[in-house]
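Notes for the structure review
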Amino acid sequence: MRRAILVPPALLALLVFPQLASAARLPCQPCAGVRIESGDTQPSAGQPVTAAAALPGQPATVAGPLENLPNLLRAARLQPGSPLFVAWEVVLAPGSPAAPAAAAAAAAARAIAGAGATPWLSLEFRTPAPLPANSARLQEELQAAAAVAAAAPESAYFQVVWRPEGGTGQSFDAADYAFLLKRAAVAIAGARPQARVATDALPANPEALGAFYAQEVSAYLEVVALRPAEQPELAAAIQSLQKLDPGRPLALDSLPYPADPGGTLAEAARRTAQGVDLTLFRSAEVDAARLSPLALLAREFAGDLSYDPSGAPGGAAEAWTFVRGKDLALRVIAVSPAAPGDVAPGDLVLRFADPSLRRPTRFPFSAGRAAPPAGRLVEGGLEIRLPNPGPVEVLGLERATAAERRGVAERVNVASQHEMEVEEILKRLQAFEDGQSRRLDNYQALNTTHLRFQPSAGAEGIEATLEGPFFWSPESGADWAWETLYINGVRWRNKTLPEIPLIQPEKAAALPLEIHFTKEYRYRLRGTDRVDGRDAWVVDFSPAVPASAGLKLYQGSVWIDRQVDARLRTRAVQVGLQGEVISNEETLIYTPVDAGGNPAPWSRESFVLPLRLLAQQTLSILNQATVVDRETVLTSVRINGPDFAAQKKKIEDSEVTMVRDTDKGLRYLVKDKAGERVVKEKFATSKLFAAGGLFYDHALSYPLPLAGANYFSLDYKKTGKQLNLFFAGVLLTGAMAEPHFMGSDFDLGGEIFGIAFPFTDNLFRNGKEAHPEEVKTLPASVAVAFGHPIGNFVKLGFEYTLLHASYSRSKNTERDFVLPADNFLHAFELELRFARSGYRLTATGSYNHRSKWDFWGLPGNHDFDPKQQSFVRYDFSAGKNWYLPHFQKFGAELDYLSGSNLDRFSKYQFGFFGGARVHGYRSNSVRATEAYAGHFTYGFEIGELFRLDGVFDAALATDKESGFRNRRLVGAGLVGTTMGPWQTIVNLDLGVPVAGPDHGFTLYLVFLKLFK
């Protein structure tokens, strides 16, 4: 027959519900300690503290009321790290880490720990409310708290106490205190990663506790403390906490010390039965008699004990039984019944309903000898007799079944496993960064920033690169010096750099992953990942407030190292943007370095800094979604350099261009009348260029000279409108746009185009040029467009264009050729654009209708169809650029073009102004009703003097009238940039056909001179 195994209900609960056992339990049950009453409870700055005492691990001389406590503790024969808690208040004196108060508090804690007890430091913050408005004072006290934590022993607990100056006694502000607790917990853990943090003694009020936990504080604390209260209020508060934070250790703080020292044992056990894990007894003085029962509790009730409400013995006025997990042994605290009248108390007889109990032991805690207990087995259990009992007795009993011990131990080990919560991961990250910030006074580096502007079509682009020193300090933030400018790899030769319009979104109202007074973000643990060989947690964040609130916030993800708790990577998209910036996505890549800026291992001793930034901004410029890719790299890093201030002052005194990272984005730092650098709130929003050059296309009778000016403004006459006007005598283009129409997310604008010289419109029939059908065409157009972003990477645009086309004969036109009727073309175009991570996808469709469309062409022309008065065109494109070291770049784009009811004057063309340009092909020449096209570029710079891009275009064109069926059209080009005399920028675009029916070449040469 199998023997029944009796398992106490308390231990059974631990086995069945392992999530309860996995909480950060205190190392005893019941736990108790003494709180030295407020007053001169710590060494003051005027009391003696040896120099050695201020250093971790060194012997300390502790002065004040705590001076004799270490001797008493040593006399109690405590094991190192015993759970006898000694609590006292530490007033945080703002100042440097070597402040006397911080050193004295840490010295006292080390002395207490050295004597075997557990220090409980109540760090007293006195920053007045509201805390966010007094951040400077709070930061000083946080610095002092971090200094205390760094020098305190490993066993110490840190209680965050708030006694605000000008406060109203017992009033409790849940939001303010929760904010303080988070900030303090992060500062303490940053100085000592494994530090244990406890709350202030909170009111025993379920509503107040609910408001406190609503601030998401659970991950920032290890122990919750409550104020003493009447039993109903205390029971309701404990029940509320068990629901709000199951398994969290609970302390009852500052319970009056009982008149009889033994009463501390009964009171601690009684509170444990109510759900309290630690009871701190308040006392103005501590002697051997007061300390003895607490020392006994620390010796005999340490370890994995659990309260067993069903195991209490009969015969006592009150009794509490605690089961030890490793061997099921018992520890019992019993209160003797009061004797009637003046009758002397007799023996105390306790009866246990468990026949497996053996070898009772009596643990005295007061002076004198206590007779050992006598035990005997009775029916159904064990009877113990205690001669001359005191008011409170402490017993130990053992069990003999080894199998039970092994089974229980194995199960308890399994129950110790638990999963990481997102709040705990964030707290660890915040603690790491807080600890680093207290070691990081400043750093400097060499900054290289690439700004890559991608036009709406084609694989080409413009790259501006800025280089110079970078300085960061907590006081001024990030300052950038731009000493050198490269345009497409060509160095700007003037000493003074042009003032580039700094189009940037305002900074977010609150950054994610930081501690804020209000809840701006939601966090979700997505899972794990591996980044550059490091195991990482992946945490997603998103705004917790509705978009209607109008706050500029972020949404994205952060990769956090699972071993070091540092950031590996952060990717975020800003939401709630306004103005020219449609979207802003940033990816920060972090790297560990040592103090000299050299690569370092991933550890808490290294400095983990964001040394690389990859960003993409989509700007609404003149109704076009212009993509700007930004890459910033910091090299030659120096941490806490002794000459930081001197190096920065040297740069500030020079004439170099400087900018500062402010709440409104980058702003120029300019010299005032006294020669000091100050933030320039406004920047130049307009530019005027002189333009000259020539344009040649075989469709023109002769090269077209260009001489004029280009004016561009981002804030025309301070109206918020954008304007671009280019006039070069024979050519006029202009555009105006309002990027935030009537305060909405819509942009609205218009464009004009006109040219004084007509183009020759050629025609191919059966693969050969039909000169008798040449036509001269002179276009002019106006357009109205509006657009709206969809999410962060997509923009939907609509444009209405009114194009006037007039036709005339060339010298080759056949006499019988009937010209098309001059007409107005109404075009309605819808465009959808996507851009992210350098990839671009575009889909465009348009419906077009001519005001008049009569017969044209030679007699019997079968190409004319009156139904072609209206036609539809649509195209799709996909592209990406790859940027390589030393200003090399490779770009690719693929297009598909098609439509319906297309004729000679509405088909796709491949010239300079065509829908799918092939370099070298002239305008209004080769046409197609359907085409597949590819555009490829490779560019490099030569000695910082020239920029050359080789261009290769290819298309497969289909057009029945021209006799093309997937006809290969191939062109090659050379695009170059250099700096000319008088600081002019010279751009060249030369193209020649390589394969296909066309011949000749195209040339576009322009000189730009910036005037202002």
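Rules used throughout
- Residues numbered from 1 in each chain as written.
- Predicted model: local features only at pLDDT ≥ 70, side-chain atom pairs only at ≥ 80, totals over all residues.
- Heavy atoms only, no water.
- Axes fitted to C-alpha atoms, helices over the stretch in contact; angles between N-to-C directions.
- Helix = DSSP H or I, 4+ residues; strand = E, 2+ residues; numbered from the N terminus.
- Parallel < 35°, antiparallel > 145°, perpendicular 65-115°, else oblique.
- Left-handed = near helix turned anticlockwise from the far one by under 90°.
- Contact = heavy atoms within 4.5 Å.
- Phe/Tyr/Trp six-rings, centres within 6.5 Å; stacked < 30°, edge-to-face > 60°.
- Buried < 20%, exposed > 50% of the residue type's maximum accessible area, 1.4 Å probe, protein only.
- Expected span 1.5 Å × (residues − 1).
- Salt bridge = Lys/Arg side-chain N within 4 Å of Asp/Glu carboxyl O.
- pLDDT = per-residue confidence, 0-100.
- Pairing = 2+ DSSP bridges.
- Right-handed = clockwise from strand over helix to strand, strands pointing away.
- Arc of directions from axis to C-beta.
- Polar contact = N/O pair within 3.5 Å; in protein donor to acceptor, adjacent residues only side chain to side chain.

**A few points about the packing of helix H6 (residues 174-191) against helix H12 (residues 422-439)**
- Remark: H6 packs on H12, axes separated minimally by 7 Å, with the N-to-C direction vectors making an angle of 65°. Considered as vectors, H6 and H12 are oriented roughly perpendicular to each other. The interaxial crossing formed by H6 with H12 has right-handed handedness. Here Ala185, Val186, Ala187, Ala189 and Gly190 of H6 come into contact with H12, specifically with Lys427, Gln430, Ala431, Asp434, Gly435 and Arg438.

**Concerning the packing of aromatic side chains**
- Counted by the stated rule, this structure contains 32 aromatic pairs.
- Their ring planes at 75° and their centres at 6.0 Å tell us that Phe85 and Trp120 sit as a pair that is edge-to-face. Taken together, the positions of Phe85 in strand E2 (residues 84-91) and Trp120 in strand E3 (residues 118-125) put the pair 35 residues apart, joining distant regions of the chain. Both residues of the pair, Phe85 and Trp120, count as buried.
- On the basis of an interplanar angle of 65° and a centroid distance of 6.3 Å, the ring pair of Phe695 and Tyr1004 is categorised as edge-to-face.

**Observations regarding H12**
- Spanning 18 residues, H12 covers 26 Å between terminal C-alpha atoms, matching the ideal 26 Å at 1.5 Å per step.
- Buried residues of H12: Val422, Ile425, Leu426, Lys427, Leu429, Gln430, Ala431, Phe432, Asp434, Gly435, Gln436 and Arg438, and no others.

**Considerations on the pattern of salt bridges**
- Here the structure, examined in full by the defined rule, presents 56 salt bridges.
- With a shortest N-O distance of 2.6 Å, Asp565 and Arg604 are connected by a salt bridge. Of the two residues, Asp565 sits in the loop between strand E24 (553-561) and strand E25 (567-575) while Arg604 sits in the loop between strand E26 (581-593) and strand E27 (607-621), which places them 39 residues apart along the sequence.
- Judged by its relative accessible area of 7%, Asp565 is buried.
- What makes Arg604 partly exposed here is its relative accessible area of 30%.
- When the shortest N-O distance is used, the salt bridge between Arg850 and Asp903 registers 3.0 Å.

**Observations regarding the confidence of the model for the protein chain**
- Of the residues in the protein chain, 88% reach a pLDDT of 70 or more, and the chain-wide mean stands at 84.
- In the model, residues 1-23 has pLDDT below 50 throughout and makes 30 contacts with residues more than four positions away in sequence or in other chains.

**Topic: the sheet that holds strand E7 (residues 250-256)**
- Here eight strands make up a closed barrel; going around it, the order is E1-E2-E3-E4-E5-E6-E7-E8 and the pairing parallel. In this sheet, adjacent strand axes meet at a mean angle of 25° when their direction is disregarded.
- Examined bridge by bridge, E7 and strand E8 (residues 278-283) share five bridges and lie parallel to one another. Along E8, the bridge assignment pairs Leu255 with Phe281.
- Sitting on the sheet, helix H8 (residues 231-244) touches strand E6 (223-226) and E7, and the angle it makes with E6 is about 160°.
- Strands in contact with helix H10 (residues 288-300) are strand E1 (31-36), E2 and E8; relative to E1, the strand with the most contacts, it is inclined by about 145°.

**Some points on the pairing of E3**
- In terms of burial, E3 is a largely internal element, eight of the eight residues being buried.
- Burial of E3 is two-sided: the residues Thr118, Trp120, Ser122 and Glu124 facing one way and the residues Pro119, Leu121, Leu123 and Phe125 facing the other way are all buried.
- Pairing between E2 and E3: seven bridges, direction parallel. By the bridge assignment, Val90 is partnered in E3 with Leu123.
- Looking at chain direction, E3 and strand E4 (residues 157-162) are connected through six bridges and run parallel. From the neighbouring strand, Leu123 faces E4, where its bridge partner is Val160.
- Following the backbone out of E3, through helix H5 (residues 135-151) and into the adjacent parallel E4, one traces a crossover that is right-handed.

**Things to note about the pairing of strand E35 (residues 731-738)**
- Sheet analysis places strand E34 (residues 722-727) next to E35, joined by six bridges and oriented antiparallel. Each residue of the ladder has a partner; that of Gln722, found in E35, is Ala737.
- If you look at the hairpin formed by E34 and E35, you'll find three residues sitting between the two strands, and Gly729 has a positive phi there, around 80°.
- Bridge count between E35 and strand E36 (residues 747-755): eight bridges; the pairing is antiparallel. Bridging from a neighbouring strand, Met736 pairs with Gly750 of E36.

**Quick look at the sheet that holds strand E10 (residues 318-324)**
- What the five strands build is an open sheet, ordered E9-E10-E11-E16-E13; its pairing is antiparallel. A strand with exactly one partner marks an edge of an open sheet, and here the two such strands are strand E9 (305-307) and strand E13 (357-362). Adjacent strand axes in the sheet meet at a mean angle of 25° when their direction is disregarded.
- The sheet contact formed by E9 and E10 spans three bridges and is antiparallel. Bridged to Leu305 within E10 is Arg324.
- Helix-sheet contacts for helix H9 (residues 263-274) involve E9, E10, strand E11 (330-335) and strand E16 (392-399), and the interaxial angle to E10 is about 70°.

**Considerations on the environment of Leu395**
- Residue placement: Leu395 occurs in strand E16.
- Given the relative accessible area of 1%, Leu395 is considered buried.
- As for Leu395 and Pro364, which are separated by 31 residues in sequence, their C-alpha atoms are 8.9 Å apart.
- Other than its neighbours up to four places away in sequence, Leu395 contacts Leu330, Arg331, Val332, Leu350, Thr361, Arg362, Phe363 and Leu386.

**Some remarks on helix H7 (residues 206-213)**
- Of all the positions in H7, only Ala208, Leu209, Phe212 and Tyr213 are classed as buried. What you see down the axis of H7 is that its buried residues fit within an arc of 130°, all on one side.
- For H7, the secondary structure elements touched by its buried residues are H6, strand E5 (196-202), E6 and H8.
- Taking the backbone nitrogen of Glu207 as reference, a side-chain oxygen 2.8 Å away marks Asn205 as the first, capping residue of H7.

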